Structures are given as structure tokens and as C-alpha cells.
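Residues per chain, in single letters:
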Amino acid sequence: MNAQKLIDTAKALVAGYKGLLAMDESNTTCNKRFASFGIPQTEEARRAYREMIVTTPGLGKCISGAILCDETIRQNKKDGTPFIKAITDEGVIPGIKVDAGAKDMAGHPGERITEGLDGLGARLVEYSHMGVRFAKWRAVIAMGDGIPSRGCVEANAQALARYAALCQEAGLVPVVEPEVLMDGEHTLEQCREVTEEVLRTVFNHLYTQRVMLEGLILKPNMVLPGLTCPKQKTVDEVADATVTCLLRAVPAAVPGIAFLSGGQSGELASARLNAMNVRFKSRLPWGLTFSFARAIQQPSMEIWSGQDANIAAAQHALHHRAKCNVAARRGEYQVSVKSTDNTPLLS
Ligand code: 13P
């Protein structure tokens, strides 16, 4: 394992007020989002959409790393340039989603376990030879009556840790994503408790599996009340609960924390990240940034709608949301949002 290479990549992913762009939706998820805008659900449409994203002018000024899926990493621009080259030439570090998705967990109704460890070592070596420098694995933890169970949290944390160890062995920085879902009536406080338990468990397993903390990025949820909780919270309350939870559970050796957006609107996700940086940045041991999919892509997908004529406007919208999140990292994001609005985007 080349420790210095991992440390350098992890640092580069959180450097300069930039953040990550998750553009690694599985074909099923991408098709579902396309269907809602009347976009054809074909491989060529997915390729054209991703070409629109990676050719956005100025992308590399806001985005440090882009997470692709297996289909996209093997695709090219219309002119034949591989996407991975287009991204790298723009100064964006290429990453890959390597989990095989969350499946119903045996013996645990309503809970899921992420699969994909079998053969992962060989896949990581192939991706590394392609020029990929980091990877992502998402575990999902649902909240509800009697869940999450200890069995679900432990199994997902162990899988995340084994994935992370394999990544570092192959020279790739693991982005460790334990997502506590927003769905449900739970309160902000309940989400904080569950998120803290999940993160503590994940870091215990990372330690057990000998993962080097300086060479990984954590990708957690923000601490939020459930979507249908009657007691929604202000932007500042969410920022306080999230940072309190992270300070308790995430070791200072971790270089960066890059949030998922999880179904928050683009504006709210930026406003909450902004509040965390305004209120806490001077006393945080790690960088706090973004690794959003929906909260960056959503407006641009709608504007694009599968039409070449809309590419420039869609790229403008994508760049705008990316810039908003850079501003949020600086604590300079201005747009005011209704503080207790928890309006979800398409899931
Ligand atoms: P969202 O920002 O849409 O939650 O997606 C982030 C992600 O990468 C999910 O794995």
C-alpha cells in the first residue's frame, strides 16, 4: 500500500473549497429519473447526458472529483474521447461506484445490506489501471419502528470497512458512505442518535480492518428530521445537530467529510452546508464539503430533457449549483431558503 499516494488523493478531493460530483446513478435509478422528464431510457441517452455533464465549462473549478458508474467509465464522448480522459483533462479526479447495490437483508424485514465484495479486489485493480483514483460504496440505513437493528448496522459497517481496506490495497481512496435515510416520521434528535451509532460502528470496523483514516473520505447524511416529521427544523438547528454528531463520532485523522444530499432540494442542501461552515469551520478538524448527486444535477437534467438544443442551458444550471456549493464551503452562500422546508426532490 502506498500510504502517501492515498493521503495525497484524499487531501486533493477536499482541497480548495471544491467538492465531489456524484454522477454514478445505476442504470435503473438513472432511467427512473429520465422517465419523469420524458427522456428515453437508453444507453445512448445516459451517455449523452453524462457527456453534457463532463463537458460543462468550468466544471473543474468547482468539482475536485467525479464519481462514475461502471457503464459511464467505459463510455466516450461523441468525438471518441473517453469520459475518463475528458474528466482528467479538466483537472477532476475520476472515481467509481463499486458496490452492487443494497439488497433486502435476510432476517431483517425493512432493512437492506449492500452487496459487492466478491471479486472486488480484481475489479479495483482494473479500475486503477484505467486511471481511477478513488471509489465509493453506499450502505443504506432505514429508520422506523424498531429499526435500524444492531444486526443491520454491524453488517453494513463491516462491509464498508472490508471495501475500504480493499480500496487502499489497490491504491484507491475509499469514499465510505453510510446513509441514514430521510424517509419517516423520526425527529432530528432520533436521526442524530442513529447517525452517531452508525458512524461509531463504522469507525470501529474501519479500525478492526486496519484502514488508514488519513487515506479515506467519509460521505455521511446530514442529521435531519424525517421527511414526514411534523417538527421540521431551521437550517441552523440542522447544522448544529449534524456537526455535534460528527465531532463525537468522526476521528480527527479523517481529512474530509463530503455530504450526500439524500433528497434535499439543491438550495436547502447548500444552505445547510453553508451554515455548518459559517458556524463551525474554525474549530473543525476535517474539511466539510459536498458529494451531491440530486442536489447538483436535478435542475440541469430537467432543462436538458434529452435535447441537444438545451445542452448549454443545462450546463449553465449544473455549473450554477456546483458554484453555490463552493460558496457554501466558504460560508458565503447567499440564497435564503424557507428554513423549515424539507421539500424532497425525486428519489
Ligand atoms: P444524493 O446526493 O442524490 O443523495 O446522491 C449521493 C450519492 O452518491 C448516493 O450514493
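All figures in this text were calculated on a predicted structure; none of them were measured in a lab.

A. Geometry of the state of the cysteines. Summed over the entire model, instances satisfying the criterion amount to zero disulfides. Left unpaired, Cys62 is separated from the closest cysteine sulfur, that of Cys324, by 9.3 Å. With no disulfide partner, Cys229 has as its closest neighbouring cysteine sulfur the one in Cys191, 10 Å distant.

B. Focus on the pattern of salt bridges. All told, the structure shown has 23 salt bridges when counted by the stated rule. Lys103 is the partner of Glu115 in a salt bridge, and the nearest nitrogen-oxygen pair spans 4.0 Å. Residue Glu115 is located in the loop between strand E5 (112–114) and helix H7 (120–130), and its partner Lys103 is located in strand E4 (residues 102–104); the two are separated by twelve residues in the primary sequence. Judged by relative accessible area, which is 33%, Lys103 ranks as partly exposed. Across the salt bridge formed by Arg192 and Glu189, the nearest N and O atoms sit 2.7 Å from each other. In this pair, Arg192 and Glu189 are both assigned in helix H9 (residues 188–208), three residues apart and thus about one turn of the helix distant.

C. Representation of the pairing of strand E10 (residues 287–292) in the model. Counted residue by residue, E10 has six buried out of six residues, so it is predominantly covered. Covered by surrounding structure in E10 are Gly287, Thr289 and Ser291 together with Leu288, Phe290 and Phe292, the residues of both alternating faces. Strand direction decides the pairing type here: strand E1 (residues 19–22) and E10, joined by two bridges, are parallel. From the neighbouring strand, Leu21 faces E10, where its bridge partner is Phe292. Here four bridges tie strand E9 (residues 256–259) to E10, and the two strands are oriented parallel to one another. The partner of Ile257 across the bridge, within E10, is Leu288.

D. Local environment of empty space enclosed by the protein. Following the criterion strictly, the structure yields three cavities of 30 Å³ or more and no others. Roughly 60 Å³ of internal volume is contained in the largest cavity. What lines the largest cavity is a set of 13 residues, and nearest its centre among them are Val180, Met182, Asn221, Met222 and Leu224.

What counts as what
Residues numbered from 1 in each chain as written. Predicted model: local features only at pLDDT ≥ 70, side-chain atom pairs only at ≥ 80, totals over all residues. Heavy atoms only, no water. Disulfide = S-S within 2.5 Å. Salt bridge = Lys/Arg side-chain N within 4 Å of Asp/Glu carboxyl O. Helix = DSSP H or I, 4+ residues; strand = E, 2+ residues; numbered from the N terminus. Buried < 20%, exposed > 50% of the residue type's maximum accessible area, 1.4 Å probe, protein only. Pairing = 2+ DSSP bridges. 1 Å grid on protein atoms, 1.4 Å probe; cavity = no way out; pocket = protein on both sides within 12 Å on 5 of 7 lines; lining within 4 Å. Points joined across faces, edges and corners; volume = space filled by probe spheres on them.

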